[in-house]
Each structure stands twice: as C-alpha cells, then as structure tokens.
Amino acid sequence: QVQLVESGGGLVQAGGSLRLSCAASGRTSSSYAMGWFRQASGKEREFVAAISDSGVNIYYANSVKGRFTISRDNAKNTVYLQMNSLKAEDTAIYYCAARYGAILGRYDYWGQGTQVTVSS
C-alpha cells in the first residue's frame, strides 16, 4: 500500500550533523503517522522518534532528545530526521516507518534502511 525509501545516510565525524529523508510513495495519505527507528550491530531495533499526521504530536527517545529533530512535509510526502551532535553510539542502520492514524501503535510499513556511521 505504501512504499518508503530512506536516504541521507553516510559517514560523519563525532560532533557533526546529518539529515535523513524518507520519501513515501504508492497509496499515501496525510493521515499516516511516521517514525524513525534504528538498529546497531548486535542490538535490537529501537525507537528513535515519531511524528503525527498533522505534525503536532512528536515523541523522542531519551537518548536523542535535544540532539535530533523529526519533521514532515506532507506536500512532498517526506519525513526528515535532523541529527546534530552525533556520537559514535548513534552508529546504526536507520529505518523509516509508517502507520495509519494515531502515532501510538504498531507500524505497518517499513523502508529498507540507511546506514549511519559516526567516527571518533
């Protein structure tokens, strides 16, 4: 129903910044909540940030509060994750996800992921 494609990953030095993008296609809707998740090597996938369809409701994991910012542009069917003050522990594959309706609940659609590597 919905296809998601992440971009913007790469190699960055500790303390630097990076912006990830997630483009939605297919049968998209402005009623979709969007989220970012990440999975480091040897670790379970964890929640990073989420934003409601209107952009009013936003949630962040404690580990990224004050450093990461999630936003969306519904006209472009795109959600962003601005990452500042990056640390080596932020190294992971970052995934974009979507669900219809409320921001809380199971996410039904997932992208393929984009690698973020922070060097120290």
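Here, every reference points to the structure presented above.
Note that the structure is a prediction, hence the values are computed from the model and not measured. (Residues numbered from 1 in each chain as written. Predicted model: local features only at pLDDT ≥ 70, side-chain atom pairs only at ≥ 80, totals over all residues. Heavy atoms only, no water.)

Participant: Would you mind going over the pattern of salt bridges with me for this structure?
Facilitator: Here the idea is simple: oppositely charged side chains can pair when their charged atoms come close. Scanning the model with the defined rule gives four salt bridges in all. A salt bridge links glutamate 46 to arginine 38; the nearest nitrogen and oxygen atoms lie 2.7 Å apart. Note on glutamate 46: relative accessible area 35%, which makes it partly exposed. For arginine 38, the salt bridge is made with aspartate 90, and the minimal N-O distance between the two is 3.0 Å. Note that arginine 38 is positioned in strand 4 (residues 32–39) and aspartate 90 in the loop between strand 8 (78–83) and strand 9 (92–100), a separation of 52 residues in sequence. No difference in accessibility class separates arginine 38 from aspartate 90, as the two residues are buried. It is possible to trace a salt-bridge network through shared partners that takes in Arg38, Glu46, Arg67 and Asp90. (Salt bridge = Lys/Arg side-chain N within 4 Å of Asp/Glu carboxyl O. Buried < 20%, exposed > 50% of the residue type's maximum accessible area, 1.4 Å probe, protein only. Helix = DSSP H or I, 4+ residues; strand = E, 2+ residues; numbered from the N terminus.)

Participant: Before we go on, may I ask you to explain the sheet that holds strand 8 in this structure?
Facilitator: Pairing between the strands of a sheet comes from backbone hydrogen bonds, and it takes one of two forms, parallel or antiparallel. Spatial ordering of the open sheet is given by 1-3-8-7, a layout of four strands whose pairing is antiparallel. Edge positions in the sheet fall to strand 1 (2–7) and strand 7 (68–73), since each of these pairs with one other strand and no more. For this sheet, the mean inter-axis angle between neighbouring strands, taken without regard to orientation, is 15°. (Pairing = 2+ DSSP bridges. Axes fitted to C-alpha atoms, helices over the stretch in contact; angles between N-to-C directions.)

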